[in-house]
Each structure stands twice: as structure tokens, then as C-alpha cells.
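Per-entry structural report
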Amino acid sequence: MADPQADTVRDEVAGPLAALGLDLEAVELSRSGTRRFLRIAVDADGGVPLDLITDATRVVSAALDDGTAMGEQPYTLEVTSRGLDRPLTEPRHWRRNVGRLVAVTLHDGPAVTGRVVGSDDTGVEITVKGQQRRIAYADVARALVTPELGAPTAPTTGRPKQQKPSAKGRGSAPRPGRPDHHREKDA
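Residues numbered from 1 in each chain as written. Predicted model: local features only at pLDDT ≥ 70, side-chain atom pairs only at ≥ 80, totals over all residues. Heavy atoms only, no water.

**Some remarks on the sheet that holds strand β4 (residues 101–106)**
Keep this limit in mind: Two strands are said to pair when DSSP picks up at least two bridges between them. Here a helix means four or more residues in a row that DSSP labels H or I, a strand means two or more in a row labelled E, and each is numbered from the N terminus. Working convention: axes come from line fits to C-alpha atoms, limited for helices to the stretch in contact. Angles between N-to-C directions cover 0 to 180 degrees.
Taken together, the five strands give an open sheet; going across it, the order is β7-β6-β5-β4-β8, and neighbouring strands pair in antiparallel fashion. The open sheet has two edge strands with one neighbour each: β7 (131–136) and β8 (140–145). Taking each pair of neighbouring strands and ignoring which way they run, the sheet shows an average axis angle of 40°. In this structure, β4 lies alongside β8, joined through five bridges in antiparallel fashion. Bridged to Leu 106 within β8 is Val 140.

**Describing the environment of Arg 35**
Just so we agree on the cut-off: The classification of residues rests on relative accessible area computed with a 1.4 Å probe and restricted to protein chains. Under 20% of the type maximum is buried, over 50% is exposed, and intermediate values are partly exposed. Residues are treated as being in contact if the distance between any of their heavy atoms lies within 4.5 Å.
One can find Arg 35 in strand β2 (residues 35–43). Overall, the relative accessible area of 59% leaves Arg 35 in the exposed class. Separated by 38 residues in sequence, Arg 35 and Gln 73 have C-alpha atoms that sit 8.9 Å apart. Contact partners of Arg 35, with chain neighbours within four places excluded, come to Ser 30 and Thr 76.

If you want it as C-alpha cells, here you go:
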């Protein structure tokens, strides 16, 4: 059942979030006694860094202050990134998770776990036990990213990872661009 208040919130905040380059993924309203809690989940190509969450919180708050969706009663606002616990339901979700391990439950047939290697508007290509397999989105009942501890993750920003300097050879030569304050004195 659709929540009319959540739909109104969605209408009021989707435009300002889109202006920041963010997709509105979810609007969740809950109530505990007299307290109201509003959680807005967002996502973007390349991930959502913390400073962008801060900007999103600011524009969502302003849009809700100017709108009518939340009324005059106080509420707590949380703007968060999509997170791993949210199902992959849109082609953009699959595109943003290329390289990641996913668990896919099919409408008819066995569940499969594999690594996303590509996707388009109609389906996804995953590698299952070394074999590439195409799955149409229409055949997917549920799909979630499977967390991998210690395993390499899919690139999210397109920027190369910075290499940490090795401990080997530290102090034997000055690092470029940095003054060498620890030179030994001549004996």
C-alpha cells in the first residue's frame, strides 16, 4: 500500500536531490509515540561521499521546510546512502555494482551467487562458478550485494587507489616534495 505522505515527501525532495546528481532511492517514515522519523536514502554513480550526504541533508531539509509534506510537527531527518542491505531493483543498481558479488533469487529456478560483470536495460551478466550467465531482470525475484571481507571491491569513483609507501627504505632517502629534516650529520 502506498503511503501518501511518503509520496508527497518524494515529490518535494526528488528535484533538489537530482540537482545534486543524486537518485532518490527510498523514503521511509516511521513514528514512535509522538516522535516522527524520516529516512531518505540516496545513491549516485561513483558512490555518495560524506560531503555530498551533508549537502543532500541541507537541500532536503530546505525543501521540506518550504513544502507541506511534513506539516508543523517536529521530526528527525536522516539522509543516508543506499547501503548493501537494499535490494537491486533498477538497472542503475546493477550498473553501480559491477565487480561485486551478488546473491540472486530467481522467480523460478535455483538461487545463484555470482559476480556482476555487466548490465544493460534488460538484464545482467554475472559469472557463476567461472561461467558467464545472463539473467533478465524480469526473472529476478530478489537480489542483494553480498559483503566480502578482505576482498577487493568494485571501483566506485574511477580514481586509482593511492598506494601506501612501504616501510622498506624509509629514512634512507628524502621523499620527493618533502624537506628532509632527519639527515645524519657528517662524522
